[in-house]
There are 2 protein chains.
Amino acid sequence: MPEYLKLQSLNDSKQLFWQHLADLRPGIEEIDSRNALGRVIAEDICSNEFLPAFTRSTVDGYAVQAASTHGASDSLPAYLDLVGEVPMGTETTLVIQSGQTALIHTGGMLPPGADAVVMMEQTQTAANDVIEVLKPVTSGENLVLKGEDVKPGEVVIPTGTLVRAAEIGGLLALGILRVKVTKKPRVAILSSGDEVILPEQTPQPGQVRDINSDMLSALVKANGGISQTHPILPDQKDVLQQAIRKAYDDSDLVIVTAGSSASTRDMTSEVLNSMGSPGVLVHGINIKPGKPTILAVCDGKPMIGLPGNPVSALVIAHLIVKPLLERMTGFTHHNLVPVVTADLAVNLPSIAGRDEYFPVRLYRQDDHFIADPIFYKSNLIYSLVRADGLVHIEPDSTGLIAGTIVEVTLF
Amino acid sequence: MPEYLKLQSLNDSKQLFWQHLADLRPGIEEIDSRNALGRVIAEDICSNEFLPAFTRSTVDGYAVQAASTHGASDSLPAYLDLVGEVPMGTETTLVIQSGQTALIHTGGMLPPGADAVVMMEQTQTAANDVIEVLKPVTSGENLVLKGEDVKPGEVVIPTGTLVRAAEIGGLLALGILRVKVTKKPRVAILSSGDEVILPEQTPQPGQVRDINSDMLSALVKANGGISQTHPILPDQKDVLQQAIRKAYDDSDLVIVTAGSSASTRDMTSEVLNSMGSPGVLVHGINIKPGKPTILAVCDGKPMIGLPGNPVSALVIAHLIVKPLLERMTGFTHHNLVPVVTADLAVNLPSIAGRDEYFPVRLYRQDDHFIADPIFYKSNLIYSLVRADGLVHIEPDSTGLIAGTIVEVTLF
């Protein structure tokens, strides 16, 4: 009977895998900044400009020389001559002298001579062209200064940053319309198994539809990769060898979901091992679900054998393929895994000595969440359809009791 | 000087807005299940099939009649006649009688006559064609039964479910290749302001590049909507009126980022109010940043006026536009806001009486996160570029002290 080479812990497996993988970024491409959402910056971005480009008012009010307002109070206002209104969107011809003021709107350019703005609420109109200032301001008050956000030469977005809406805003604010990002990793996805048919086909007795290809493809796309799916492979070593070699040549990462019998898994491992050096690093992880996982690095390229069981395949994809894709895109701020804290609804027994991941459904109760574990048998995909995320039970635990506060890693 | 009509709390504002909005789903379309990632199911999905379609083994082992193993032990095994191997992917011609067994692989179809599987590890090969069973099994052991995951007629995915990788797997497992989803909401995005120019242009004194249109466009796309951007509008009521009316007619949601002066904001409010009944519901929210927000419902259609200040606009988009888009897609499981729990790095003072949202950057320290607030002045977009999420300070608080455990809502 075939044995696993040696079961390794999830953490050890991932460490070993990462250790053998150097810079995995599949190259750089330049794209429109407006289309960069979800991409990862590949070269430090520097500013050529000041932002803001001029000193602006942050309030509606009156531009002044701060000194003109010193000592002003409700009972003894400073009286300033209103010399005009600062126009929006164009340079003003006004120059503010001592004892003078001009109406200015939020975002308006501070006119020469002025060094502060008095908020509208702290003024009164005394007579035609005279403004009463009821409170003093200090120099710089109610202003953002030229270059206060960004100065020329400053690195504004470092390599490895994920582009979100804010980064698109930051780029366009500086007139940076094109940006260099990491190319999307190409991920080859292969399913094998004599019993496996296309979802389009009607299963005959003993046959099952392949769902791993399309589930993994969705996960790859959702995490910034390009998925390359392949025809279903029979459990024949030479066919597997040829197909995986071709996939290896045409992609940056190869994922094979093996037929589910032990002999088929071993065949997959042998084929992956033959693709390059050092070959298979992990054959069997001490985890439930997902034990029959294979991790290989072949001449610098990562290859993963996932269990044929779709529940196991999808859980391992979340735990290993997602962080791998992050590394491949060069994303450096990758420790932000979104979790929801919840109360465990019922006791959750676990076998000590291995990592366990339980799918849970979350319900809101008043101001907190309840995590309701989904007890399931192997291979039932609808146990994941009902689940919002996973609860991890450490290897040294024999389970969690109801009411324990758990962190649910969201799918 | 123009006044806000009445500042309302964020919660009251949202409640009022939702109350005036009935079913906002912009219709239903049928698409390929494989392309449904991120879409929302628009009609309950029922199964026409059993899943699994046949009773399958969950292990590598031997198919038996459980009764044939009763009383078996290491010292007194049950001896069973090996009558063959269950093939993968096709119906077997084997029938298991009492005292007989057949080799079966994980996922293999249970042959007629058998009602359980003995794990390989609990057997030994005694002689040619005789298997020793070392432990008894009960009927049903190591099997998933036909229909145990799904039975015909069962609602497998209810209306309002967000399609993730697992749902694509669930659909394809049942041969459901097309699926009805909510149409993507069309969101018109308009920017106004005499000082505002396109990002392609070089700002002259007093001018600033429009970044709100593209930031909001990215946020809309990331949250399942179709963004419709428009040319930048001048601060002229008739032009604004005409452009907003056209946008209203062609979209499911209108977002206007107003010029930043009080008079321009009032003009925007007047125009939004004129589009239909009941018109403007909220003009000014008791929040920082984002006070000059306008919420309107015009003949059933939502309209939002966002502050021109891009920091305020993006924060309010996260707090109001995102949940609105969820409602528009019919997503019903919308209370899962991903948060990261962190220790606050420094004191965070706040003014009591209003909701405050502080941008923070997260750092990992050992096994927990530190939330480092980004103190910023109005309007500096790079304060959000550096931020990972927001920390909320309730209106009844005057701030949080360093070391407080805070929940950071991720962008």
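The following paragraphs examine the structure supplied in this document. These numbers come from a predicted model, not from an experiment.

The rules behind each value
Residues numbered from 1 in each chain as written. Chains lettered and ligands numbered in written order. Predicted model: local features only at pLDDT ≥ 70, side-chain atom pairs only at ≥ 80, totals over all residues. Heavy atoms only, no water. Pairing = 2+ DSSP bridges. Helix = DSSP H or I, 4+ residues; strand = E, 2+ residues; numbered from the N terminus. Axes fitted to C-alpha atoms, helices over the stretch in contact; angles between N-to-C directions. Contact = heavy atoms within 4.5 Å. Buried area = accessible area lost by both parts, 1.4 Å probe. Polar contact = N/O pair within 3.5 Å; in protein donor to acceptor, adjacent residues only side chain to side chain. Least-squares fit on C-alpha atoms with pLDDT ≥ 70 in both. Buried < 20%, exposed > 50% of the residue type's maximum accessible area, 1.4 Å probe, protein only. Salt bridge = Lys/Arg side-chain N within 4 Å of Asp/Glu carboxyl O. Parallel < 35°, antiparallel > 145°, perpendicular 65-115°, else oblique. Left-handed = near helix turned anticlockwise from the far one by under 90°. Nonpolar A, V, L, I, M, F, W, Y, C, P; charged D, E, K, R; others polar.

## Things to note about the sheet that holds strand E8 (residues 123-127) of chain B
All names here are of chain B.
1) Next: Spatially, the 6 strands line up as an open sheet ordered E7-E4-E6-E5-E9-E8, and their pairing is mixed. The open sheet has two free edges, formed respectively by strand E7 (116-119) and E8, since each of these has just one partner strand. Across the sheet, the mean angle separating the axes of adjacent strands is 40° when strand polarity is ignored.
2) Next: Bridge analysis of strand E4 (residues 61-64) against strand E6 (residues 100-104) gives 3 bridges, and the strand direction is antiparallel. Paired with Gly 61 across the two strands is Ile 104, which belongs to E6.

## As for the sheet that holds strand E13 (residues 186-191) of chain B
In a beta sheet, neighbouring strands pair by backbone hydrogen bonds and run either parallel or antiparallel.
Residues and elements named next belong to chain B.
1) Next: Across the sheet, 6 strands lie side by side as E16-E13-E17-E21-E20-E18; this open sheet has mixed pairing. A single partner strand is all that each edge strand has here, and the edge strands are strand E16 (226-229) and strand E18 (278-283). When strand polarity is set aside, the average angle formed by the axes of neighbouring strands in this sheet is 20°.
2) Next: Pairing geometry for E18 and strand E20 (residues 294-298), over 5 bridges, is antiparallel.

## Points about the interface of chain A and chain B
1) Next: Taken together, the contact between chain A and chain B spans 87 residues of the former and 87 residues of the latter.
2) Next: Overall, the association of chain A and chain B removes approximately 7300 Å² of surface from exposure, summing both partners, and the carbon and sulfur fraction of that is 60%.
3) Next: Of all residues in chain A, the largest losses of buried area upon contact with chain B belong to Arg34(A), Asp149(A) and Tyr382(A), amounting jointly to 9% of the total for that side.
4) Next: The tally of links from chain A across to chain B stands at 21 residue pairs in polar contact (both at pLDDT 80 or more).
5) Next: For the side of chain A that touches chain B, the element with the highest residue contribution is helix H2 (residues 165-173) of chain A, accounting for 9 residues.

## Some words on the relation of the copies chain A and chain B
1) Next: For the pair chain A and chain B, the best superposition has an RMSD of 0.1 Å and corresponds to a rotation of 180° with a translation of 0.0 Å parallel to the axis. Seen this way, the second copy is the image of the first under a two-fold rotation axis. Relative to the rotation axis, the C-alpha of Pro338(A) is the closest in chain A, positioned 2.6 Å from it.
2) Next: Looking at the interface residues of chain A, 100% of them are also at the interface in chain B, so both copies use one shared face.

## Some details on the side chain of Thr101(B)
Residues and elements named next belong to chain B.
1) Next: With respect to the secondary-structure elements, Thr 101 resides in strand E6.
2) Next: Classification of Thr 101 as buried rests on a relative accessible area of 1%.
3) Next: Of the polar contacts made by the side chain of Thr 101, one reaches the backbone oxygen of Ala 63; its length is 2.7 Å.
4) Next: The contact partners of Thr 101, leaving out residues within four places of it in the chain, are Tyr 62, Ala 63, Val 64, Leu 80, Asp 81, Leu 82, Val 83, Gly 84, Ile 96 and Ile 131.

## A word on the pattern of salt bridges
1) Next: The full count for this structure, using the stated rule, is 26 salt bridges over all chains.
2) Next: Beyond isolated ion pairs, a larger network of salt bridges with shared partners links Glu30(A), Asp32(A) and Arg178(A).

## What about the packing of helix H4 (residues 237-250) of chain A against helix H5 (residues 262-273) of chain A?
Residues and elements named next belong to chain A.
1) Next: Contact geometry for H4 and H5: axes closest at 10 Å, N-to-C directions at 40°. When the axes of H4 and H5 are compared, the pair comes out oblique. In terms of crossing hand, the pair formed by H4 and H5 is right-handed. On the side of H4, the interface is formed by Lys 237, Leu 240, Gln 241 and Ile 244, while H5 contributes Met 267, Thr 268, Glu 270, Val 271 and Leu 272.
2) Next: A per-class count over the contact of H4 with H5 returns 5 nonpolar, 2 polar and 2 charged.

## Remarks on the environment of Val297(B)
All names here are of chain B.
1) Next: Structurally, the position occupied by Val 297 is in strand E20.
2) Next: Between the C-alpha atom of Val 297 and that of Leu 253, which follows or precedes it by 44 residues, the distance is 9.7 Å.
3) Next: Here Val 297 is in contact with Phe 17, His 20, Leu 21, Gly 276, Ser 277, Pro 278, Gly 279 and Leu 281, once residues within four sequence places are set aside.

## Observations concerning the pairing of strand E24 (residues 355-365) of chain A
Residue and element names in this part refer to chain A.
1) Next: Direction of pairing for strand E19 (residues 287-288) relative to E24: parallel, over a ladder of 2 bridges. Following the sheet pairing, Ile 287 is matched in E24 by Asp 355.
2) Next: Strand direction decides the pairing type here: E24 and strand E26 (residues 389-393), joined by 5 bridges, are antiparallel. When the sheet's bridge partners are listed, Tyr 357 is paired in E26 with His 392.
3) Next: The sheet contact formed by E24 and strand E25 (residues 368-373) spans 6 bridges and is antiparallel. Opposite Arg 364, over in E25, you have Phe 369 as the bridge partner.
4) Next: The antiparallel hairpin formed by E24 and E25 contains 2 residues in its connecting segment, where Asp 366 sits at a positive phi of about 50°.

Structural measurements only, silent on function.
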